[in-house]
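What follows is each chain in one-letter form.
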Amino acid sequence: SASALNLFDRMNREAIILPDNVTLSCALKACSMLRDVDRGMKIHRHIIITDCGNSHDYVANALVDMYAKHGSLEEAKHIFFKLLGRNSSVLWNTMISGFILHGHSCSALDLFVKMQDEVDEQGRVPTTTTLSCILKACSGMKAIEKGIQIHHEIVSRKLLAKDVVLGTALVDMYAKCGVMAKAQEVIEELHVHDVVAWNALIAGYVQHGQCHEALSIFEQMQKFHEQCLPNVITFVCILMACGNIGAIENGKQIHDEIVSRKLLDTDIILGTALVDMYAKCGAIVKAHEVLDILPIRNVVSWNALISGYA
């Protein structure tokens, strides 16, 4: 991204070829990725002065995205509401995602309601990307009723059969809202089983204190081993469940798999979770052994051991 912006600056200095819509949208995207709002504002001023790109959806969307990702939501909203007549789904999704990214789930839901009014007038429907974003907002606000409405729309449009990201967002929404039976029901209906969806379900059970159920779901997940190899997040959640209920034998099995896949070499969070699991199960010598072999230690891993001794 930095190289892209350097080339953009060189292009402007040499002034042999003027930037077009594609150039401007790419440069703004690079600013978004680097969170470099100052350079993005310079490009925005260039667009206003030259009137280049003002009529192009890609440039407008890149501007909203750049400001939204940086957290300059008022500026993003100002541009967004000036451009509403363009009826671009991508533009709506960008603004909704910006609100969610910075913890404004309520504003995201309000904007979604406005979007529904607009698309109804145009005879269109929200995209799967929009629905995934709104399910995330529902998760953040524990807005289960709105989440159920979105679920009904997904079912009526038969979207679960072809979109694993949307299915995962639905599982995550129910899990974060504590409706675990419904979250499990959704994952069983999915045609493709994604490790992220399983992680959302397992994390939901652990978060709501149902650690035996989390272990049971982990066993179910392993039946889909070829499709869904457990990842670091899976192991961290299951180690937490093992520590909470003293399931040291299950914890040892997880430890063996972590070692066989050499995951401790690269992930300090996983190493800390392992120390914490052994400490909570009372295997304090083993917890100390694990800490000693970790390639990186931080205050959290030391705290886990100290708490175990205490």
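Cut-offs used in this document
- Residues numbered from 1 in each chain as written.
- Predicted model: local features only at pLDDT ≥ 70, side-chain atom pairs only at ≥ 80, totals over all residues.
- Heavy atoms only, no water.
- Phe/Tyr/Trp six-rings, centres within 6.5 Å; stacked < 30°, edge-to-face > 60°.
- Buried < 20%, exposed > 50% of the residue type's maximum accessible area, 1.4 Å probe, protein only.
- Helix = DSSP H or I, 4+ residues; strand = E, 2+ residues; numbered from the N terminus.
- Salt bridge = Lys/Arg side-chain N within 4 Å of Asp/Glu carboxyl O.
- Axes fitted to C-alpha atoms, helices over the stretch in contact; angles between N-to-C directions.
- Parallel < 35°, antiparallel > 145°, perpendicular 65-115°, else oblique.
- Left-handed = near helix turned anticlockwise from the far one by under 90°.
- Contact = heavy atoms within 4.5 Å.
- Expected span 1.5 Å × (residues − 1).
- Polar contact = N/O pair within 3.5 Å; in protein donor to acceptor, adjacent residues only side chain to side chain.

Peer 1: Any details on the packing of aromatic side chains? Residues and values, ideally.
Peer 2: Applying the stated criterion across every chain, the model contains two aromatic pairs. Ring centres of Phe80 and Phe81 lie 5.1 Å apart, and the angle between their planes is 80 degrees; on these two criteria the pair is classed as edge-to-face. Take Phe80: its relative accessible area is 0%, and that puts it in the buried class. Ring centres of Phe80 and Trp92 lie 5.1 Å apart, and the angle between their planes is 80 degrees; on these two criteria the pair is classed as edge-to-face. Highlighted residues: Phe80 in helix 5 (residues 73-82) and Trp92 in helix 6 (residues 89-101), separated in sequence by 12 residues. For Trp92, a relative accessible area of 2% puts it in the buried group. Joined through ring pairs, the aromatic side chains of Phe80, Phe81 and Trp92 make up one cluster.

Peer 1: Tell me about unusual backbone geometry, residues and numbers included.
Peer 2: The backbone phi angle of Arg35 is positive, close to 55 degrees, even though this residue is not glycine. Judged by its relative accessible area of 42%, Arg35 falls in the partly exposed class. The phi dihedral of Lys262 is positive, around 55 degrees, even though this residue is not glycine. Mapped onto the elements, Lys262 comes out in the loop between helix 15 (248-260) and helix 16 (268-280).

Peer 1: How would you explain the pattern of salt bridges if you had to name every residue and give the values?
Peer 2: Taken as a whole and judged by the stated rule, the model has nine salt bridges. Between Asp65 and Lys69 there is a salt bridge; the shortest N-O distance is 2.7 Å. Placement of both Asp65 and Lys69 in helix 4 (residues 57-70) is noted, with a separation of four residues, approximately one turn of the helix. Among the ionic pairs, Arg261 bridges to Glu257, the shortest N-O distance being 3.6 Å. Look at Arg261 and you get partly exposed, because its relative accessible area is 28%. With a relative accessible area of 19%, Glu257 lands in the buried category.

Peer 1: Pulling in residues and values, what's your account of the packing of helix 9 (residues 144-156) against helix 10 (residues 164-176)?
Peer 2: Running from N to C, helix 9 and helix 10 cross one another at 155 degrees; their axes reach a closest spacing of 10 Å. Of the possible angle classes, the one that applies to helix 9 and helix 10 is roughly antiparallel. For the pair helix 9 and helix 10, the crossing hand works out as left-handed. For the pair formed by helix 9 and helix 10, the contact residues are Ile144, Gly147, Ile148, His151 and Ile154 on the first element and Leu166, Leu170, Met173 and Tyr174 on the second.

Peer 1: I'd like a rundown of helix 2 (residues 21-34), residues and numbers included.
Peer 2: Between its first and last C-alpha, helix 2 extends 20 Å over 14 residues, near the 20 Å set by a 1.5 Å rise per residue. Inspection of helix 2 places Thr23, Leu24, Ser25, Ala27, Leu28, Ala30, Cys31 and Ser32 among the buried residues, and these make up the whole buried set. Those residues of helix 2 hidden inside the fold are in contact with helix 1 (2-14), helix 3 (37-50) and helix 4. Two or three places before Val22, at the start of helix 2, stands the capping residue Asp20, its side-chain oxygen 3.2 Å from that residue's backbone nitrogen. With its phi angle positive at about 55 degrees, Arg35 sits one or two positions after the end of helix 2.

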